[in-house]
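Coordinate inspection notes
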Amino acid sequence: MQGSETMKLKGGDATYRKAWRKICQVSLLLDYQQTYDRLGVTVFQKVLSSYWEGIPEILKGLEKDGYVQDSSNGCWIQIGGGDPLLAVKSNGDYNNALIDLAALWHYLKKENAEWIVHMSDNSLIDYTQTIFAAAEHAGWLGECEKQLTHVGYGLVLGGDKKELAGSSSTLLDKAKRVCREYIDEMEMAARWTWEEREQIADVIGCGAIKYNDLKNDHSADYMLSLYDILSNQGDTGVSLQFALACARSVISKSGVPMNELKMISAQDVTIELDAGRKSTEGRLLGLQLIKFAEVIQEAVLAVRPSVLCRYLYDLSLVFRRYYKVQVEAEVKTDSILLLCEATAIVMEKCFDLLGVQPARKLERFHD
């Protein structure tokens, strides 16, 4: 797009704005939407050009407060003690800093956002903090102390330790193919149709990719190994799918109506404390379950889904130990079934919060 057309677009020309919105919609549909759908991600698209119409009002307010400085090479914004931000170039074009300020102003003033979390790669940490500081010094946060948080993320590296190239859809397709190979080797797979195997492989593969990304410290670079991610052992999305299926299968195979069992009062279901190791594993599982609310609060306030991932994996480990020493060896008592049900409920809620879809069909045929 040539300079004159760009200025018409940013100046609010209706014809250019309509064409630009159409371009953005087509771009999202062709490049991203299929990948978002497979990952279960809902996108509310608002491109930066959406904030252009608020820029004149923003500049007027900043100029009134004495924050705008004109020079031969453009219009600058100086707020607080930070570096000045180039707002308008000498040719009249808006600079990125002004557009980012306009986006922030829109959500603070128009959307009344109380907490804004901005994500970008680590190279933009200082720049983002400068934008946040400008908004704070300009008084945009108000008296209610609205919160601005920047979440920096590292790079995903390939085996050569360089930034991974290629599209997300290609990675998801590879994950699906590997999972399909695993599924075809399972004894239970003989009971599934071709379409069911494809659907299960896609659910497990996409979930494993998403879980692996979320379990890592988002601020650090990490190496991506597809076969490690899709292992059914260790801290992987695949392993967690089978742990959840195991908990659910105990309940389904018991034939006990859980709705009736849940009506039993807490004092009617006890875990014997003098039964050696079996009692210890049950108590440890119960203690792990009651940490859930505390972990959710920590993950949210720190904006770190890795905290929830760690809890989910630890829960699966405790449950597997409990299953091995007590569930496999005994008649399924009410207390065993209720602990399995509580484990499944908490694991499913963790899956839901992480945006990972459980592979439901595994539950019916888990050995």
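This section reports on the structure supplied with the text. Since the structure is predicted, the reported quantities are computational estimates derived from the model, not experimental observations.

Next up on the list: helix α4 (residues 96-110). Taking 1.5 Å per residue as the helical rise, α4 with its 15 residues ought to reach 21 Å, and the 20 Å between its terminal C-alpha atoms agrees with that figure. For α4, the full list of buried residues reads Ala 97, Leu 98, Ile 99, Leu 101, Ala 102, Ala 103, Leu 104, Trp 105, His 106 and Leu 108. Looking at the packing, one finds that the buried side of α4 touches α3 (55-64), β2 (74-77), β3 (85-89), β4 (115-121), α5 (125-137) and β5 (147-153). Phi turns positive one or two residues past the end of α4, at Asn 112, with a value near 55 degrees.

The next subject is the sheet that holds strand β1 (residues 68-71). Whenever strands of a sheet pair, they do so through backbone hydrogen bonds, lying parallel or antiparallel. As summarised here, the arrangement of the 3 strands in space is β1-β2-β3, forming an open sheet in which the pairing is antiparallel. Both outer strands of the open sheet, β1 and β3, are each paired with one neighbouring strand and no more. Recorded for the sheet is a direction-independent mean angle of 30 degrees between the axes of neighbouring strands. Inspection of the sheet shows β1 paired to β2 by 4 bridges, in the antiparallel sense. Within β2, the residue paired with Val 68 across the bridge is Ile 77. Where α3 meets the sheet, its contacts fall on β1, β2 and β3, and the angle it forms with β1 comes to roughly 100 degrees. Lying on the sheet, α4 is in contact with β2 and β3; it crosses β3 at an angle near 105 degrees.

One can describe the packing of helix α9 (residues 237-254) onto helix α14 (residues 334-354) by two numbers: an axis separation of 9 Å at closest approach and a directional angle of 140 degrees. Seen along the crossing, α9 lies across α14 with a hand that is left-handed. For the pair formed by α9 and α14, the contact residues are Leu 240, Gln 241, Ala 243, Leu 244, Ala 247, Arg 248, Val 250, Ile 251 and Ser 254 on the first element and Leu 337, Cys 340, Glu 341, Ala 344, Ile 345, Met 347, Glu 348 and Phe 351 on the second. Its residues assigned to classes, the contact of α9 with α14 shows 12 nonpolar, 2 polar and 3 charged.

Per the stated rule, a full pass over the model turns up 13 salt bridges. Across the salt bridge formed by Glu 198 and Lys 176, the nearest N and O atoms sit 3.0 Å from each other. In this pair, Glu 198 sits in helix α7 (residues 194-215) while Lys 176 sits in helix α6 (residues 168-185), placing the two residues 22 residues apart along the sequence. For Glu 198, a relative accessible area of 19% gives the class buried. By relative accessible area, Lys 176 is classed as partly exposed at 22%. In this structure, the salt-bridge partner of Lys 349 is Asp 352, at a minimum N-O distance of 3.9 Å. A residue pair is termed a helical-turn pair when its members lie 3 or 4 positions apart in one helix, as Lys 349 and Asp 352 do in helix α14 at 3 residues. The class for Asp 352 is exposed, based on a relative accessible area of 53%. One network of salt bridges, in which partners are shared, links Lys 176, Arg 180, Asp 184, Arg 197 and Glu 198.

It is worth spelling out the environment of Leu 124 at this point. Assignment of secondary structure puts Leu 124 in the loop between β4 and α5. Overall, the relative accessible area of 34% leaves Leu 124 in the partly exposed class. Residues Leu 124 and Gly 152 lie 28 residues apart in sequence; the distance between their C-alpha atoms is 7.8 Å.

This next bit is on a nonpolar patch on the surface. There is a patch of nonpolar side chains on the surface, built from Trp 115, Val 117, Met 119, Tyr 153, Val 300 and Leu 301 and spanning about 560 Å² of accessible area. Of all the secondary structure elements, the ones that give two or more residues to the nonpolar patch are β4 and α12 (292-302). Looking at which element gives the most residues to the nonpolar patch, the answer is β4, with 3 residues. Its place among the elements puts Met 119 in strand β4.

Calculation criteria
- Residues numbered from 1 in each chain as written.
- Predicted model: local features only at pLDDT ≥ 70, side-chain atom pairs only at ≥ 80, totals over all residues.
- Heavy atoms only, no water.
- Helix = DSSP H or I, 4+ residues; strand = E, 2+ residues; numbered from the N terminus.
- Expected span 1.5 Å × (residues − 1).
- Buried < 20%, exposed > 50% of the residue type's maximum accessible area, 1.4 Å probe, protein only.
- Contact = heavy atoms within 4.5 Å.
- Pairing = 2+ DSSP bridges.
- Axes fitted to C-alpha atoms, helices over the stretch in contact; angles between N-to-C directions.
- Left-handed = near helix turned anticlockwise from the far one by under 90°.
- Nonpolar A, V, L, I, M, F, W, Y, C, P; charged D, E, K, R; others polar.
- Salt bridge = Lys/Arg side-chain N within 4 Å of Asp/Glu carboxyl O.
- Patch = residues over 30% accessible without salt bridge, like charges linked within 9 Å, V, L, I, M, F, W, Y side chains within 5 Å.
- Areas by Shrake-Rupley, 256 points an atom, 1.4 Å probe, with all protein chains shown as cover.

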